[in-house]
Amino acid sequence: MAKRSADSVRPSTLVRSPQCVVRMQFTSNKFKFEVQPAFGNSDGSFDYPDTKAEGWKVTKPREEIAATKDCNGRTSTNMRHLARMTRAWKDTNGVVMGGLLIDTLVYRFFSATSEYDDKGSLWFDFMVRDFFEFLMNEPNKDYYLALGSNQRVNVKKRFQPKAKKAYNRCLEAIANGDKASVNKKWREVFGSAVPLEVTESARSFKDTDEFIESRYPVDISESLAIDCKVTQNGWRTASLREMLKNKTLLLPSKELDFTITECSVSYPYDVKWKVLNRGDEAERRNNIRGEIISPNRAGNARHERTSFRGEHVVECYIIKEGIVVARNVIDVPISTNAA
């Protein structure tokens, strides 16, 4: 049998060294290897070099693995399921949380309740609802103590506001009896892996909605914030987020300039946008859009003009070395129709 070259085995692989690890990312999907050089100690811990701190640190992965295994067994593998669903929520909604922080929070949730220790998948909707309620009520902290090892796990960005939004989506999904509407709500929480039901109305318009997960691996590790300057007749130019906060009327005909207001990703990187029109009016006009598109203004900004009512949604993505590392979304609700 002929020996295959490394390129034929791994044709779409990216190797880089972010701070402490060497990462091999397979760009054809989300699979990756991370290699951390470490030196074992007699107590079972490991010393590893931190190039950013220019010193040595201690890690105790065996204790964390043991705590995970114990909790997963006690909860009928629900810890593993909830941790995976939390990662899907993180990547879908741009929540800046590392894997160890997720596992620690899931572990703390199951330490506070035994409600789901013996429950199967039919209870997952209630389990994630209660978990997001747990997250949104967590006090602001700079760090948590990791499961098992009790080592510090830093909190890079507040997760409570997005957890509250996910909790409300769970309530809406659980209360809604229509399967198509239910799946749409779950998709807002967990992403495009949730299948959509095909309805009669869906056949009357072209489904042009695209998903960033179909183009790039998604691994959210950085923060991003976007806003929009709104220009409409009879009103001074204002921030969309401030208008939403103050419940200011949004008219159908307006100029919208979407900009990046915060981004922790270091250059170079690429920016993509998505403009999605929702609601009966968008479907009637056969204009739901939803394609992944490029900026059309300087500074990676995006200019749009609205013309009809509906639940418009705009999302921005930061792509670094072929991976989506940050994303943010803003709603543009138009409550009245054009004259």
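Let me sum up the structure you'll find in this document. Predicted, not measured: the structure shown is a model, and the values here were computed from it. Here, residues in each chain are numbered from 1, in the same order as that chain's written sequence. Under the rules for a predicted model, residues below a pLDDT of 70 receive no local features and side-chain atom pairs below 80 are neither given nor counted, while totals for whole chains, interfaces and linings still include all residues. The basis for every side-chain value is the complete set of non-hydrogen atoms in the structure, without hydrogens or water.

### Thoughts on the overall build of the protein
(1) Moving on: In this text, helices come from DSSP runs of H or I with a minimum length of four residues, and strands from runs of E with a minimum of two, each type numbered from the N-terminal end. Looking only at helices and strands, the protein has 9 helices and 16 strands in total.
(2) Moving on: Only protein chains enter the accessibility calculation, which uses a 1.4 Å probe. A residue is then buried if its area is under 20% of the maximum for its type, exposed if over 50%, and partly exposed in between. Residues classed as buried in the protein amount to 40% of the 339 residues present.
(3) Moving on: A contact between two residues is defined here by any heavy atoms of the two lying within 4.5 Å. In the protein, 60% of the contacts between residues at least 6 apart in sequence involve partners at least 24 apart.
(4) Moving on: Put simply, the protein shows about 18,900 Å² of open surface, and 50% of that area lies on carbon and sulfur atoms. Note on areas: these come from Shrake-Rupley sampling with a 1.4 Å probe, and a residue is covered only by the protein chains present in the view.

### Quick look at the sheet that holds strand E4 (residues 39-40)
(1) Moving on: Being paired, for any two strands, means DSSP has found at least two bridges between them. The strand order across the open sheet built from 3 strands is E4-E5-E6, with neighbouring strands paired in antiparallel fashion. In this open sheet, the two edge strands, each paired with only one partner strand, are E4 and strand E6 (55-59).
(2) Moving on: Pairing of strand E5 (residues 46-50) with E6, which is carried by 5 bridges, proceeds in the antiparallel orientation. Bridging across to E6, Pro-49 finds its partner in Trp-56.

### Remarks on the packing of aromatic side chains
(1) Moving on: We call Phe, Tyr and Trp rings a pair once their centres come within 6.5 Å, taking the six-membered ring for Trp, and we label the pair stacked below 30 degrees between planes, edge-to-face above 60, and tilted otherwise. On inspection of all chains with the given rule, the structure shows 12 aromatic pairs.
(2) Moving on: On the basis of an interplanar angle of 35° and a centroid distance of 6.3 Å, the ring pair of Phe-132 and Phe-190 is categorised as tilted. Of the two residues, Phe-132 is situated in helix H5 (residues 124-136) and Phe-190 in helix H7 (residues 179-190); the sequence distance between them amounts to 58 residues. With respect to class, Phe-132 is no different from Phe-190; both count as buried.
(3) Moving on: Residues Trp-186 and Phe-190 carry aromatic rings whose centres are separated by 6.1 Å and whose planes lie at 20° to one another, so their mutual orientation is stacked. A residue pair is termed a helical-turn pair when its members lie 3 or 4 positions apart in one helix, as Trp-186 and Phe-190 do in helix H7 at 4 residues.
(4) Moving on: For Trp-186, a relative accessible area of 13% corresponds to the buried category.

### Some thoughts on helix H6 (residues 160-175)
(1) Moving on: Multiplying 1.5 Å by the residue count of a helix minus one yields the expected span of that helix. Helix length check: H6, at 16 residues, gives a terminal C-alpha distance of 23 Å against a target of 22 Å (1.5 Å per residue), a fit within 8%.
(2) Moving on: Those residues of H6 that sit buried are Gln-160, Ala-163, Ala-166, Tyr-167, Arg-169, Cys-170 and Ala-173.

### Digging into the packing of helix H3 (residues 78-93) against helix H4 (residues 99-112)
(1) Moving on: At a closest axis distance of 10 Å, the pairing of H3 and H4 adopts a crossing angle of 130°. It follows from the interaxial angle that H3 and H4 lie oblique. Note that H3 runs across H4; the crossing there is right-handed. Residues Asn-78, Met-79, Leu-82, Ala-83, Thr-86, Arg-87 and Lys-90 of H3 form the contact with H4, whose participating residues are Gly-99, Ile-102, Asp-103, Val-106, Tyr-107, Phe-109 and Phe-110.
(2) Moving on: Partitioning the contact of H3 with H4 into residue classes produces 8 nonpolar, 3 polar and 3 charged. Helix axes are fitted to C-alpha atoms over the stretch in contact, other axes to C-alpha atoms as well, and angles between N-to-C directions run from 0 to 180 degrees. The cut-offs work like this: below 35 degrees is roughly parallel, past 145 is roughly antiparallel, 65 to 115 is roughly perpendicular, and the gaps in between are oblique. Each crossing gets its handedness from the near helix: less than a right angle anticlockwise from the far helix is left-handed, clockwise is right-handed. The classification used treats Ala, Val, Leu, Ile, Met, Phe, Trp, Tyr, Cys and Pro as nonpolar, Asp, Glu, Lys and Arg as charged, and all other residues, Gly among them, as polar.

All quantities given are derived from atomic positions and should not be read as evidence of function.
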